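Survey of secondary and tertiary structure
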Amino acid sequence: EAQLVESGGGLVQAGGSLRLSCVASGFRFDDYPIGWFRQAPGKEREGVSLISNSDGRTWYADSVKGRFTISSDNAENTVYLQMNSLKPEDTAVYYCAAGQWVLYGNIWSPEEYEYWGQGTQVTVSS
């Protein structure tokens, strides 16, 4: 059974940092790009970053470029999202998601992803 488990969320002041982790199991990690999405109350789920675990290519939403860094440890089947210079508008539930064919479609569309984690709350206070 495919499973994604996020951790690392919490409460941080503006300007601070957090590192989220996403541990994958039940599918071939190298074959699945893994992305991070976030959803704030009353807003649609939006894509934040994506990594191709087969070749290390990365993508970022404009809102987080230069502040967030995605990386993966293929030996541990884990993807990380290092978040620096956090802003109150980064407050949301953060989800990781895996989609085998996502690179052939719209990488920022949640519908392209097959597996989802349960989410981890990130709250940035001003």
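For the structure, see preceding data.
To keep things clear, this report deals only with the structure shown in the data block. (Residues numbered from 1 in each chain as written. Predicted model: local features only at pLDDT ≥ 70, side-chain atom pairs only at ≥ 80, totals over all residues. Heavy atoms only, no water.)

The next point concerns the sheet that holds strand β1 (residues 3–7). Spatial ordering of the open sheet is given by β1-β3-β8-β7, a layout of 4 strands whose pairing is antiparallel. Strands at the two margins of the open sheet, each flanked by one partner only, are β1 and β7 (68–73). Strand-to-strand twist of the sheet, defined as the mean angle between neighbouring strand axes without regard to direction, takes the value 15°. Taken together, the 5 bridges between β1 and strand β3 (residues 18–25) define a ladder with antiparallel strand orientation. The residue of β3 that forms the bridge with Gln3 is Ser25. (Pairing = 2+ DSSP bridges. Helix = DSSP H or I, 4+ residues; strand = E, 2+ residues; numbered from the N terminus. Axes fitted to C-alpha atoms, helices over the stretch in contact; angles between N-to-C directions.)

The subject of this paragraph is the side chain of Asn53. With respect to the element layout, Asn53 can be found in the loop between β5 (46–51) and β6 (58–60). Residue Asn53 is classed as buried on the basis of its relative accessible area of 6%. A polar contact is formed between the side chain of Asn53 and the backbone oxygen of Tyr32, at a distance of 2.8 Å. The residues touching Asn53, leaving out its near neighbours within four places in the chain, are Phe29, Asp30, Tyr32, Pro33, Ile34, Ser72, Asn74 and Val79. (Buried < 20%, exposed > 50% of the residue type's maximum accessible area, 1.4 Å probe, protein only. Polar contact = N/O pair within 3.5 Å; in protein donor to acceptor, adjacent residues only side chain to side chain. Contact = heavy atoms within 4.5 Å.)

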